[in-house]
Amino acid sequence: MSYETVRETDPTIADALAGERRRQNETLAMIASENHVSEAVLEAQGSELTNNYAEGYPGERYYGGCVYADEVESVAIERAKELWGAEHVNVQPHSGTQANMGVYLAVLEPGDRILSLDLTHGGHLSHGHPANFTGQTYEVEQYEVDPETGYIDYQGLRETAESFDPDIIVSGYSAYPREVEWERIQEAAEAVDAYHLADIAHITGLVAAGVHESPVGVADFVTGSTHKTIRAGRGGIIMCDEEHADAVDSAVFPGAQGGPAMHNVAGKAVGFGEALDPTFETYAEQTVANAQALADGLRERGLSLVSGGTDNHLVLVDLRPSHPDTTGKEVEAALEEAGLVLNANTVPGETRSPFNPSGIRAGTPALTTRGFGEAACREVADLIADVVEAPDDEHVIASVTDRVDTLTDEFRLYD
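Along each chain, numbering runs from 1 in the same order as the chain's sequence is written. Side-chain atom pairs in this predicted model are given and counted only at pLDDT of 80 or more, local residue features only at pLDDT of at least 70, and totals for whole chains, interfaces and linings cover all residues. To obtain the side-chain values, all non-hydrogen atoms of the structure were included, while hydrogens and water were left out.

Participant: Would you mind showing me how to read the overall build of the protein here?
Facilitator: Regarding its fold elements, the protein presents 16 helices and 15 strands. Just to be clear, the radius of gyration here is over C-alpha atoms, and the globule rule we use is 2.2 Å times residues to the power 0.38. A globule of 415 residues ought to have a C-alpha radius of gyration of about 22 Å, and the protein, at 21 Å, matches this closely. Counting only C-alpha atoms, the protein reaches 65 × 60 × 40 Å along its principal axes. Partly exposed residues are those whose accessible area sits between 20% and 50% of the maximum for their type, while under 20% is buried and over 50% is exposed, using a 1.4 Å probe and protein chains only. Across the 415 residues that make up the protein, the buried fraction comes to 56%. Contact between two residues is taken to exist if any of their heavy atoms lie within 4.5 Å; hydrogens are not considered. Of all intrachain contacts in the protein linking residues separated by at least 6 positions in sequence, the fraction that spans at least 24 positions is 73%. Every accessible area reported is derived by Shrake-Rupley at a probe size of 1.4 Å, with residue values counting cover from the shown protein chains alone. Surface summary for the protein: the accessible area is close to 17,400 Å², and the carbon and sulfur share equals 46%. The protein carries 25 positive and 72 negative side-chain charges, and their two centres are separated by 5 Å. Secondary structure counts use DSSP, requiring at least four H or I residues in a row for a helix and at least two E residues in a row for a strand, with both numbered from the N terminus. When charges are counted, Lys and Arg are positive and Asp and Glu negative, with His and the chain ends excluded. A charged residue contributes its charge at one atom only: NZ of Lys, CZ of Arg, CG of Asp or CD of Glu.

Participant: What should I look at first to understand helix H11 (residues 262-275) in this one?
Facilitator: Since the α-helix packs 3.6 residues into each turn, any two residues three or four apart lie on the same face. With 14 residues, H11 ought to run about 20 Å at 1.5 Å a step, and its terminal C-alpha atoms sit 20 Å apart, in line with that. Burial analysis of H11 places 10 of its 14 residues in the buried class, the great majority of the element. Inspection of H11 places Met262, Asn264, Val265, Ala266, Gly267, Lys268, Ala269, Gly271, Phe272 and Ala275 among the buried residues, and these make up the whole buried set. On its buried face, H11 is in contact with helix H3 (39-45), helix H4 (67-84), strand S10 (236-240) and helix H12 (279-300). One fewer than the residue count of a helix, multiplied by 1.5 Å, yields its expected span.

Participant: Help me out: how do you make sense of the sheet that holds strand S11 (residues 304-305) in this one?
Facilitator: Adjacent strands of a sheet pair through backbone hydrogen bonds, lying either parallel or antiparallel. Strand order in the open sheet formed by four strands is S11-S12-S15-S14, and the pairing between neighbours is antiparallel. Sheet topology places S11 and strand S14 (343-345) at the edges, where each strand pairs with a single neighbour. Note that S14 and strand S15 (residues 359-363) share three bridges and pair antiparallel. Residue pairing across strands places Ala344 opposite Ile360, the latter belonging to S15. As a rule, the C-alpha atoms of each element are fitted with a line to give its axis, helices using only the stretch in contact, and angles between N-to-C directions run from 0 to 180 degrees. Most of the contacts of helix H13 (residues 328-337) go to S14, to which it runs at about 170°, and overall it touches S14 and S15. Two strands form a pair only when DSSP identifies at least two bridges running between them.

Participant: What is the right way to look at a nonpolar patch on the surface in this model?
Facilitator: Like-charged residues are merged into a patch within 9 Å and nonpolar side chains (Val, Leu, Ile, Met, Phe, Trp, Tyr) within 5 Å, provided each residue has over 30% relative accessible area and no salt bridge. A pairing counts as a salt bridge when a side-chain nitrogen of Lys or Arg comes within 4 Å of a carboxyl oxygen of Asp or Glu. On the surface, a cluster of nonpolar side chains totalling about 250 Å² of accessible area is made up of Val6, Ile13 and Leu17. Within the secondary structure, Ile13 sits in helix H2 (residues 11-26). You can call Ile13 partly exposed: its relative accessible area is 41%.

Participant: Please clarify how a negative patch on the surface should be interpreted in this entry.
Facilitator: Residues Asp325, Glu330, Glu337, Asp392, Asp393 and Glu394 make up a contiguous surface patch of negative charge. Mapped onto the fold, Glu337 is located in helix H13.

Participant: Just checking my understanding: could you explain the pattern of salt bridges for this structure?
Facilitator: For side chains of opposite charge, pairing can occur when their charged atoms come near one another. The final tally for this structure, using the stated rule, is 20 salt bridges. A salt bridge links Arg7 to Asp15, with the nearest nitrogen and oxygen atoms 2.6 Å apart. For Arg7, a relative accessible area of 43% puts it in the partly exposed group. Of the charged contacts, one joins Arg412 and Asp409 as a salt bridge, the two residues approaching to 3.7 Å between their closest N and O atoms. Accessibility expressed as a relative area gives 39% for Arg412, which makes it partly exposed.

Participant: Could you clarify how one ought to interpret the packing of aromatic side chains in this entry?
Facilitator: The way to describe two aromatic rings as a pair is by their centre distance and the angle between their planes. Only Phe, Tyr and Trp rings take part, Trp by its six-membered ring, and two of them pair if their centres are within 6.5 Å. Stacked means planes under 30 degrees apart, edge-to-face means over 60, and tilted covers everything else. Per the stated rule, a full pass over the model turns up 10 aromatic pairs. For the pair Tyr143 and Tyr173, a centre-to-centre distance of 6.5 Å together with 85° between the ring planes defines the contact as edge-to-face. Pair noted here: Tyr143 is in strand S6 (residues 139-143) and Tyr173 is in the loop between strand S7 (168-171) and helix H8 (182-191), with a separation of 30 residues, a long-range link. Classification of Tyr143 as buried rests on a relative accessible area of 2%. Overall, Tyr173 belongs to the buried group, its relative accessible area being 9%. In our convention, an over-ring charge means Lys NZ or Arg CZ found within 6 Å of a ring centre and within 35 degrees of that ring's normal. The ring of Tyr283 is capped by Arg231, whose NZ or CZ atom sits 3.9 Å from the centre of that ring.

Participant: Looking at this structure, I do not really get the sheet that holds S10. What am I missing?
Facilitator: Pairing is mixed across the open sheet formed by seven strands, whose spatial order is S4-S10-S9-S8-S7-S5-S6. Each edge of the sheet is formed by a strand with only one pairing partner; in this case those strands are strand S4 (88-90) and S6. For this sheet, the mean angle separating the axes of adjacent strands, direction not counted, is 20°. Direction of pairing for strand S8 (residues 195-199) relative to strand S9 (residues 221-225): parallel, over a ladder of three bridges. The residue of S9 that forms the bridge with Asp199 is Thr223. Against the sheet, helix H10 (residues 245-256) engages S4, S9 and S10, with an angle of about 0° to S4.

Written out as structure tokens, the structure reads:
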């Protein structure tokens, strides 16, 4: 076997990879669940650990040849414990959804009850949507945000929990722009003798840096993604007390997964190490400041924001009050043409199909990684508003594209 480069062996894929690097360099990533990892994380994820089969856990593998896999996974675990203050950490889940699956398999039986936030109000598929395994395996009831304020209706959650009697309550969200009051949800869970799973997929980095309150030590289980605001290797993580450690580990392997993707675990370890550097706190603080500047700019241009603003890394725009005939998909497509990549999103009280919803969701983690500050994010808000006002105007799209080009040239990525 010859060991050649992708360019030498597969020009088609090499062209696609080069195109993706170019796309990321020349557009502004504003999907709230995306970020740009360091070259070091990319190197770790493209390492020879791709070749390693490491079923089991450090010191307890089902295969030989795992001495360095053990070292990498142990480092990832210890760094995660230091970052989030958890007693027990499993770094093997392939994604945030797989992390949630690990918790469900650890403590629930098919037919047990899950109480979670409605998807159109900011929840996630893996919290109980009928198209997902959770909705097909468990009985699900959902709570909502207050339609007037856009904030979690904690009293309504408590009342629903008392009437539904769930086995587990899920908190943590994919499109909720406000800080979560973990203690209030924990109180509701304790009142009905339910477990509490806090899914911090979006805010892992904000929690690690202390710019968002942590559910670790409050909720029974904390899951997260490792590639969003924490900016590490792509995948998931589960944190819990030692009381649940064996059940969680068995649920992940062999319950839900086979061998771990050790190259991804290496990427997690490197990213966690970067997050332990004091500069990461500055990054997280700037991410939130940038999101608030983006929110201010959008609001000043007449756009309606769910809950009126943000406490974290994302804003959720409801297009209906200002542009009732414009859908999120229309805006998403027009913005992508201009080099601004975000996503259409449902909003509380959604009246359209989730495939063509009434809102857009925009985040600042990747912009902040590129070096954006509040002034640049306010400029981005203007660009978004320009496109929202005229998504079919070619001259507007061309003008916004030129301004995006200027910003990407100023804030370089992957030189």
